[in-house]
Each structure stands twice: as structure tokens, then as C-alpha cells.
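What follows is the residue order along each chain.
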Amino acid sequence: MNTNEALKKLLAVLMALGLFFVLGEALIRAYLRFNIAYDIEMTRYALHLKDDSPNPRIGHVHRPNSSMRLMGVPVEINSDGLRDEEYPVQRSDAYRVIFLGDSLTFGWGVKQEETFHHLLEERLGETSPTEILNFGTGNYNTEQEVELFLEKGLKYRPDKVVLFYFINDAEVTPVKSKLWFLGYSELVSFYWSRINSMMNNYFPSKSFKDYYSSLYEEGAPGWSSSKAALLELEQTCLEQGIELQVVLLPELHDTKNEIFAGVYGALSAFLAQNAIDHVDLSGLFRDQENPIDLWVSLDDAHPNAIAHRGIANAVAEFVARRGP
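The structure presented is a predicted model; accordingly, all values stated were derived computationally and were not measured.

Novice: What exactly am I supposed to notice about the overall build of the chain here?
Specialist: Looking only at helices and strands, one finds 10 helices and 11 strands in the chain. Residues classed as buried in the chain amount to 46% of the 324 residues present. Within the chain, residue pairs in contact and separated by at least 24 positions form 74% of the contacts whose partners lie at least 6 positions apart. Carbon together with sulfur atoms contributes 57% to the accessible area of the chain, which is approximately 16800 Å² in total.

Laid out in C-alpha cells, this is it:
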């Protein structure tokens, strides 16, 4: 085979691969116009509604004045990077609260008016004027939540801060992948996530229980960072005259709180030892026969509108409480 023939064959192979990817990308995008895939939606969220933060302890923030449809619901980000309405920095006579948290507090997969943030603002507003600013951001841990508040939240001069803690908040702050740009290909994202899921099913490095439990082992870096961040938040609130509360959100694979009771016990013990006012909702849905009825979708265990309403009802009195 001479050089020209070899080049022709190589070119033919490259053209075939290019055609495969173009057609594959078009077919996947057509499929996803009528079907929702959780991992693709998360990738879209990261690419189109987030920007890198110059602060490595924050990592990423919401892109101001951005919007798109995710998990079938509209998501709108205001001018300060919050999934919320616009609030002036200058205080009114309203009681002002800031909610900190991750994608559960953000309200992933739920219409804004159905989130526990919105429901609680309405409920508390029936008694006296109340503003609740939602700082919830997807893929955040405790360190990122607290750092975002220190950088952006203090200017709002809140009367109270409520941190909504989920058990994966003890993960280490993620580092952005060098191959992040591949996320723009929905073909690559779709098949990579499924290959990764299949590998985890056949060759799991850790079970679901072992993974979360390992986050809270003595000296685990994420747990150490979470504890340090909580203590820093407590000290800042004390110095600024801000009330602080923590809500432990339930894990919706384990509604009876049988698998992660030890983790929630450790969390509650740490908060109690440091006199941080908190409420544990780990057993809130223990009577739910089918946990999936509380999920956003069959492959997404974020709380749906039913679960958000349950959380709002459970913490309304706790959050409404005012005092030293």
C-alpha cells in the first residue's frame, strides 16, 4: 500500500467517525427535546447557569441574569446570582433571613413557587413582613455555602441565617475538570454518564452506605472543612448579631433513617456541642411507603414539590422563632 492509498483510507475513516458523531449528536439532542436525563440537565446547569469564581473556596457561582429550563421547570437567576426575586441591599422594615444550602435549597427540579424557600417566605409573611433570600447553589458543600455568605451575604444585613445541611455537604470542594468543554457535546455526556454508571454497578468502589459514612470518618478532609466552616459561620453571626440555625435535610433513599442514622447522629452531636440551634429532619418521611414518590424523577432523588411542602411544614415554626 502506497502513501496516497493509506492517506485516503485514513481520511475515509475520519470522515466516517465525523459523520457518526454529527448524526449521533443530532439524534441525542432530538431525543432529549422530549425526554429528560438528570445527568444531561446537570451538565447544562453547570455550563449555562454557572461561572467560575476567583475564590477557590467557592469554586463556582451562578451567572447573574441568566435563565433556562431544567428538569422541565424554568430557572431564573437574578442580578446577584440567586435563584430568587430581586432584593435591594438596603433594608426595609421586613424581617430578613438568608437560606444557605446546595441543590436541595436551590430547588432543583421544582418550580420556584413550590420550593420550601418560597413556601416558608409566604407562611412567615402572613404573620409579619418577611424576606427570605435563597443562596442555595447546586453542587455546593458547607465550605462553599459559608464562603459565599461571607463574600456576598453580609451586605444584606440579615436578621437570621438558616443553613440547610445535606449529608453530602461533607464532600471536598470539587476541582473543575480539564475536560469540562466535552460537556457541550450531549452525545459524549449521555454515553459517558451511562458507561460510568455501568462501571459503578459492576465494579463499585464503595457501596452507597459506605461512601457517605466514609465522609464522616475521623480526619476526613471534607468533614473537617465542614466543621471549620460551621464554626466560622457561628462566630461571624455572633459578631454581627445574626441568629443562626441549621436544618438537617432528609436523605430520600433512606426515608426511615436506618442506613444513615449514625451520620445524622454525629451531625446533631457536633451542632449540639457547639450550641448551634438545629433541627434534624432525617426521619421526616419515615412513614412514606415508596420513597420514589418524593423524588423529582426516577433517576433523581432530589425532593419534589411534595417533599418541599413537607419540609416547609416541618420547619415553619422553627424558622419563624426569633430570639437570642
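Next comes the rest of the account.
Novice: Got a minute to help me understand helix 5 (residues 142-153) in this structure?
Specialist: Given 3.6 residues to a turn, an α-helix orients residues that are three or four positions apart in the same direction. For helix 5, the buried fraction is high: 10 of the 12 residues fall into the buried class. Taken as a whole, helix 5 has its buried residues at T142, E143, Q144, E145, V146, E147, L148, F149, K152 and G153. The N-terminus of helix 5 is capped by N141, whose side-chain oxygen sits 3.2 Å from the backbone nitrogen of E143.

Novice: I tried to follow the pattern of salt bridges on my own but got confused; where do I start?
Specialist: A side chain with one charge can pair with a side chain of the opposite charge if their charged atoms come near. Applying the stated criterion to the full structure yields 9 salt bridges. Note that R44 and E41 form a salt bridge whose closest N and O atoms lie 2.5 Å from each other. One end of the pair, R44, and the other, E41, are both in helix 2 (residues 38-48), 3 residues apart, so they sit about a helical turn from each other. Residue R44 is classed as buried on the basis of its relative accessible area of 19%. What makes E41 buried here is its relative accessible area of 5%. Salt bridges here are not isolated pairs; linked through shared partners, they connect R57, E143, E147 and E232.

What counts as what
Residues numbered from 1 in each chain as written. Predicted model: local features only at pLDDT ≥ 70, side-chain atom pairs only at ≥ 80, totals over all residues. Heavy atoms only, no water. Helix = DSSP H or I, 4+ residues; strand = E, 2+ residues; numbered from the N terminus. Buried < 20%, exposed > 50% of the residue type's maximum accessible area, 1.4 Å probe, protein only. Contact = heavy atoms within 4.5 Å. Areas by Shrake-Rupley, 256 points an atom, 1.4 Å probe, with all protein chains shown as cover. Polar contact = N/O pair within 3.5 Å; in protein donor to acceptor, adjacent residues only side chain to side chain. Salt bridge = Lys/Arg side-chain N within 4 Å of Asp/Glu carboxyl O.

Read these as spatial facts, not as claims about activity.
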